[in-house]
2 protein chains.
Amino acid sequence: MGLVVQKFGGTSVGNVDRIKHVADRVIEEKLRGNDVVVVVSAMGKTTDELVGLASQISSRPNKREMDMLLTTGEQVTIALLSMVLIEKGYEAISFTGWQAGIETEAVHGNARILHINTSKIQTELHKGKIVVVAGFQGIAIDGAVSTLGRGGSDTTAVALAAALKADKCDIYTDVTGVFTTDPRYVKEARKLKSVSYDEMLELANLGAGVLHPRAVEYAKNYAVPLEVRSSMERENGTIIEEEVSMEQSLVVRGVAFEDEITRVSVLGLPNGLTNLSTIFSILAKNHLNVDIIIQSMTNESTTNLSFSIKSSDLEETMAVLQSHKSELQYEGIEAEPNLAKVSIVGSGMISNPGVAAEMFEVLAAGGIQVKMVSTSEIKVSTVIEEAQMLKAVEALHEAFELSGKSVKA
Amino acid sequence: MGLVVQKFGGTSVGNVDRIKHVADRVIEEKLRGNDVVVVVSAMGKTTDELVGLASQISSRPNKREMDMLLTTGEQVTIALLSMVLIEKGYEAISFTGWQAGIETEAVHGNARILHINTSKIQTELHKGKIVVVAGFQGIAIDGAVSTLGRGGSDTTAVALAAALKADKCDIYTDVTGVFTTDPRYVKEARKLKSVSYDEMLELANLGAGVLHPRAVEYAKNYAVPLEVRSSMERENGTIIEEEVSMEQSLVVRGVAFEDEITRVSVLGLPNGLTNLSTIFSILAKNHLNVDIIIQSMTNESTTNLSFSIKSSDLEETMAVLQSHKSELQYEGIEAEPNLAKVSIVGSGMISNPGVAAEMFEVLAAGGIQVKMVSTSEIKVSTVIEEAQMLKAVEALHEAFELSGKSVKA
């Protein structure tokens, strides 16, 4: 007997039949004797359709009005899910973000939650009702409707679980859990029973799209126990928690990868304290995201700087750099497209300094040249030829004992 | 320099192009130096689509959740219209019902407005902004989202105009004003320059669908000056005001009509104080609306009772009456379908007792038999054969000098 927060994404509530299926999952939890708060996203393509309407008006629609527009999506879902639950004989009530007391900063499109006033939800839970809350949205301190940005419904669910001191927060998705690597590409990929918050954070940032990094961060900060599981299958998912017990823990927990990466090198950049900050603030101002950065002092007066970007940003990045040539005073620019990023993640690495070395050995043995490297305490990322990406992933997955029955976690 | 409330219905905001056109009408008013509050409905078929989703769940969806669902429709429109206004270089801000301070009783589907807290709207008007408000919706005193029922956006506009003490309230529709009779059927129909609230109320109740009776009642109670006009054409519409000056006023202002009427007669009903109230309360409980009622005492102990209903309600009305036969103790029931109701309306009738007589003369001269009659101070309604309906309308329209250039009003 406890309190469970469940979150269902847009695919899980894509039409009325799927919403009925979601209702069954909600009722199962209720019948286990738990209080249930359900967070839902907008139905399937709804958000895209609303964005399409706005794009007929402006290439940069007013952000306050965009939030006003988009938040209707989840409002439709909460109404329909509550109707289904009531029709099936259960007491349920829906709340928009403002009704649920989700107070955010006065920012549109990407607001942070400041505080959750849970009194209305608590009142309805005490009456025995299932409470259905619109994800992704809140009320800004100026009274406007606000949205939480990408992955916002995950954040709503985790933040509500924290504020309500829920016993668990189940994130229902279209995959059955967190895998050692992408099962669509590597058939040896295996589902993990559990991962730590930090590992999940690295995996999420590395493109394992099951959970938004911001929600993971929130869960970590408030120690909310998460489970990522399938809305279709009944099997157990992957638990995300603070400490994964050592006997379950492998040194490397997963292999993540991403294609369509380009390395950009700025050559002969004059040495100077402000040069690096200038170049990256120019890129940031133009909404160009840079991932791995490598700096090598070539001589006393100049530096070569390399960084990786998404290949789709290449044209604009080159244009921006060229238009600031006189300011930056570099000698030349080079770009190498058709690269990929392959990373290994695992909190066990902290106490295993040889892991990065082992990774390079595996890649070298496969004839794979490493073009860039970036490390954190629980992650090593490498940039390699795109054509060799899957070969590298499979070799690493095998070498770090993630494949098949060798997975202990 | 004043304050104008404009209302645009679902057809006028049916797609993004039409919303852009509405924005132009709003801007015209703003450029005249007026403060502008715009009330809009849901886009075209949106409400029907949302109702369709709910009907996949339940034949009687929960009413609170139905309001939660339907109110997303206007929210989409206010966001899009505000975006267009901003894109065109005007300051605009959208408000949902709860943000606009439209407080209603805690009823769902058909709530009445209790109070409007205009402070947020006033604040934005003082900043010079165009305020765009979602019609049809409010916030119930228990904090739930509520709706105002059919014609709700008209009511929102009139109520806001009253609360804000607006100089006028313009109702933009797909017709150019209020006509002497339906121009789709009678080509001599002419637009009226002005009508009184009471005349409009009778015309609205008699099926002249340009304005909801509830909104007219509200406008009358708060003396809100209304104008019904076209959202497409630039011409003047019809002004609805308290007193229409006598020189403009004709005795009969309009001819209204409605087909698919059935007369039901209950024969040999025992005389008794409660019998009439019993029969009509049974019909009301079964949501069967009765229009004209005629009672004729046939002898000392029994009465014959006739009333008109919509033909589509005939089957259910007969079933309900038959199932209560032992309670009502009537001798028999008759039904005459294929009838129509033709009415003349005009506040000048009060001081012209011969108007009803003139109406009967005109009908008799046309060989039209009157089957039922009902009168009010400003209206005479007759029930006749459906096949003779348009003939009757044209004859009355001509006889009461409403056709062509003869219209002075």
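These numbers were taken from a predicted model, which means no experiment stands behind them.

A closer look at the interface of chain B and chain A
Taken together, the contact between chain B and chain A spans 40 residues of the former and 40 residues of the latter. In this assembly, chain B packs against chain A so that about 3200 Å² is buried in total across both faces, 68% of it on carbon and sulfur atoms. The interface formed by chain B and chain A holds 14 residue pairs in polar contact (both at pLDDT 80 or more) in total. At the level of secondary structure, the elements contributing two or more residues to the side of chain B that touches chain A comprise α1 (16-31), α2 (46-55), α3 (63-87) and β3 (92-95) of chain B. Looking at the side of chain B that touches chain A, the element that brings in the most residues is α3(B), giving 17 residues. By residue class, the composition of the side of chain B that touches chain A is 23 nonpolar, 11 polar and six charged.

A word on the relation of the copies chain B and chain A
Note: a rotation about an axis with an accompanying shift along it relates these two copies of the chain. Note on the identical chains: chain B maps onto chain A by a rotation of 179° and an axial translation of 0.0 Å, with an RMSD of 0.2 Å. Within this description, the copies of the chain are treated as partners about a two-fold rotation axis. Ranked by how close their C-alpha atoms come to the rotation axis, the residues of chain B are headed by B:T72, at 2.5 Å. The overlap is high: 100% of the interface residues of chain B also sit at the interface in chain A, so the same surface is used on both sides.

Describing the packing of aromatic side chains
All names here are of chain A. In the structure shown here, the tally under the stated rule is nine aromatic pairs over all chains. Where Y185 meets F257, the ring centres are 5.7 Å apart and the plane angle is 80°; that geometry is what we call edge-to-face. Taken together, the positions of Y185 in the loop between β9 (168-173) and β10 (194-196) and F257 in strand β13 (residues 254-270) put the pair 72 residues apart, joining distant regions of the chain. Assessed through its relative accessible area of 46%, Y185 is described here as partly exposed. Judged by centre distance (5.6 Å) and plane angle (70°), the rings of F280 and F307 are edge-to-face. Taken together, the residues F280 in helix α9 (residues 275-285) and F307 in strand β15 (residues 302-310) connect sequence positions 27 residues apart.

Observations regarding the sheet that holds strand β11 (residues 226-230) of chain A
All names here are of chain A. Read from one edge to the other, the open sheet built from eight strands follows the order β3-β6-β2-β1-β9-β11-β12-β10, with strand pairing classed as mixed. Since the sheet does not close on itself, it has two edges, and those belong to β3 (92-95) and β10, each with one partner. The mean inter-strand angle of the sheet, taken between neighbouring strand axes irrespective of direction, is 20°. Pairing of strand β1 (residues 3-8) with strand β2 (residues 35-40), which is carried by six bridges, proceeds in the parallel orientation. Within β2, the residue paired with V5 across the bridge is V37.

Basis of the calculations
- Residues numbered from 1 in each chain as written.
- Chains lettered and ligands numbered in written order.
- Predicted model: local features only at pLDDT ≥ 70, side-chain atom pairs only at ≥ 80, totals over all residues.
- Heavy atoms only, no water.
- Contact = heavy atoms within 4.5 Å.
- Buried area = accessible area lost by both parts, 1.4 Å probe.
- Polar contact = N/O pair within 3.5 Å; in protein donor to acceptor, adjacent residues only side chain to side chain.
- Helix = DSSP H or I, 4+ residues; strand = E, 2+ residues; numbered from the N terminus.
- Nonpolar A, V, L, I, M, F, W, Y, C, P; charged D, E, K, R; others polar.
- Least-squares fit on C-alpha atoms with pLDDT ≥ 70 in both.
- Phe/Tyr/Trp six-rings, centres within 6.5 Å; stacked < 30°, edge-to-face > 60°.
- Buried < 20%, exposed > 50% of the residue type's maximum accessible area, 1.4 Å probe, protein only.
- Pairing = 2+ DSSP bridges.
- Axes fitted to C-alpha atoms, helices over the stretch in contact; angles between N-to-C directions.

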